[in-house]
Amino acid sequence: MQDNERTGLLLAMAGFASLSVGDAVIKTMSGEWSPLAVGALRFTIGAIGLSVLLFWKEGARGFRPSHPWLQLARGFCLAAASLCFFCAIYLMPLASAMALAFVAPVLTALFSGPLLGEKVRLPTVIASVIALCGVVLVLRPNLAALGLAAFLPLASAFFFSMMIIANRASGGQGSPLSMQVFVALIAAPLLLIAAIAGHWSGIPMLQVSVPDWSVLARCALVAVTASTAHWLAYLGTMRAGAATIAPTTYIQMLVAITLGWWWFGDVPDAVTLAGAAIIIGAGLILWRSTPSAAPATTKKLQR
């Protein structure tokens with residue numbers, strides 16, 4: 001069982017690290033193509049590839065959701081989260097954007113009470129206050145330089161937490177692959193509409209021109225790495241359990257800092273790193289206090 005858990009942890013770490021690599025690739029396209037167009041193309045490629053795989057494995061029946069409106073909500077939240085985050089990493093250092101996006105687990109815990117009827121416990125409130133202190137530290141330099149645009153990662157975290165809540169509500173309504181396909185098929189056209197609207201908005205950063213072949217190749221690369229990352233995280237969860245792999249998500253922060261320094265020369269200052277550490281610490285407090293973390297040991301004993 002220990003070897004199985006180690007394998008699960010390694011798979012999950014590889015998956016989450018791949019997500020940060022994809023984010024860094026997206027940041028390399030800053031100034032070359034609209035972030036909304038990048039998101040639209042990335043999800044279109046992903047939706048096509050996943051749909052082909054779903055049809056091959058499950059046939060036409062795999063494309064019939066039992067609760068279409070819930071799948072629409074999942075797709076909308078993913079599209080909004082991706083839109084905000086892609087714009088954020090165009091405008092600010094990758095590590096700072098990633099640190100603020102890590103508020104999502106805390107937001108999920110807070111909103112699961114009113115939206116899912118789950119009890120909001122005292123550790124959740126404490127973790128939320130701690131995370132807010134970290135957010136203030138990370139925003140300090142970026143708010144002065146970027147203005148309201150510095151809140152884009154927080155908006156992304158909010159929509160991502162809403163998607164996680166919608167994921168919980170849709171549990172058992174299809175295979176893991178079909179759940180990925182539903183959300184991608186909805187997010188892709190929404191991002192395409194956003195890209196068209198951005199082009200006609202007159203905002204220079206959102207203008208869509210005929211892209212260089214390298215932009216198309218990088219979008220395809222991100223589509224492959226992101227889909228692979230989610231699959232690796234799923235395999236890791238199946239082997240080690242959700243509670244066990246939860247802390248491995250924070251490897252994204254280490255990869256983001258490393259790639260931000262290596263590719264873009266973005267070296268976060270001590271205050272930003274302290275804010276990131278506080279946000280991660282809040283997430284770890286939340287993870288340690290969740291009822292699902294404790295039973296993980298019990299399940300091993302029962303086997």
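Here's a quick rundown of the structure. What you see is a predicted model; the values in this text were computed from it and never measured. (Residues numbered from 1 in each chain as written. Predicted model: local features only at pLDDT ≥ 70, side-chain atom pairs only at ≥ 80, totals over all residues. Heavy atoms only, no water.)

## Quick look at the state of the cysteines
Formally: Disulfides are defined in this document as cysteine sulfur pairs within 2.5 Å. Think of it in three bands: residues with accessible area under 20% of the maximum for their type are buried, residues over 50% are exposed, and the middle band is partly exposed, with areas taken using a 1.4 Å probe on protein chains only.
Per the counting criterion, the structure on display carries zero disulfides. Here Cys87 is not disulfide-linked; the sulfur of Cys84 is the nearest cysteine sulfur, at 7.0 Å. Given the relative accessible area of 9%, Cys87 is considered buried.

## Here we look at the packing of aromatic side chains
As a reminder of what qualifies: Any Phe, Tyr or Trp ring, taking Trp's six-membered ring, that has another such ring centre within 6.5 Å forms a pair; planes under 30 degrees apart are called stacked, those over 60 apart edge-to-face, and the others tilted. Only lysine NZ and arginine CZ atoms are considered, and such an atom sits over a ring when it is within 6 Å of the ring centre and within 35 degrees of the ring normal.
Counted according to the given criterion, the structure contains six aromatic pairs. Arranged with centres 6.0 Å apart and planes meeting at 35 degrees, the rings of Trp262 and Trp263 form a pair that is tilted. Relative accessible area serves as the criterion here: at 60%, Trp262 is assigned to the exposed category. For Trp263, a relative accessible area of 38% corresponds to the partly exposed category. Each ring, one from Trp263 and one from Phe264, has its centre 6.1 Å from the other, and the planes form 90 degrees; the classification is edge-to-face. Within the aromatic cluster, the residues linked to one another by ring pairs are Phe76, Phe111, Phe158 and Phe159. In this structure, Lys27 is placed above the aromatic ring of Phe264, and the distance from its NZ or CZ to the ring centre is 5.5 Å.

## Describing the nonpolar core
Cut-off, in case you're wondering: In this text, buried Ala, Val, Leu, Ile, Met, Phe, Trp, Tyr and Cys residues form a nonpolar core when linked through side-chain atoms within 4.5 Å. In this text, helices come from DSSP runs of H or I with a minimum length of four residues, and strands from runs of E with a minimum of two, each type numbered from the N-terminal end. Any pair of residues with heavy atoms lying within 4.5 Å of one another is described as a contacting pair.
Ranked by internal contacts, the top residues of the largest apolar core, which has 53 residues, are Ile26, Val38 and Met253. Ranked by residue count, the leading element in this core is helix 4 (residues 94–101), at seven residues. Beyond its immediate sequence surroundings of up to four residues, Ile26 is in contact with Val38, Phe86, Ile89, Tyr90 and Val222. Within the second largest apolar cluster, twelve residues are counted, among which are Leu78, Met162, Met163 and Val183.

## A look at the pattern of salt bridges
Threshold: A carboxyl oxygen of Asp or Glu within 4 Å of a side-chain nitrogen of Lys or Arg is what we treat as a salt bridge.
One pass over the structure, following the stated rule, counts two salt bridges. Across the pair Arg218 and Glu32 runs a salt bridge, and its minimum N-O distance is 2.7 Å. You can see Arg218 sitting in helix 9 (residues 213–240) and its partner Glu32 sitting in the loop between helix 1 (2–27) and helix 2 (35–58), a full 186 residues away along the chain. Judged by relative accessible area, Arg218 falls into the buried class, the value being 18%.

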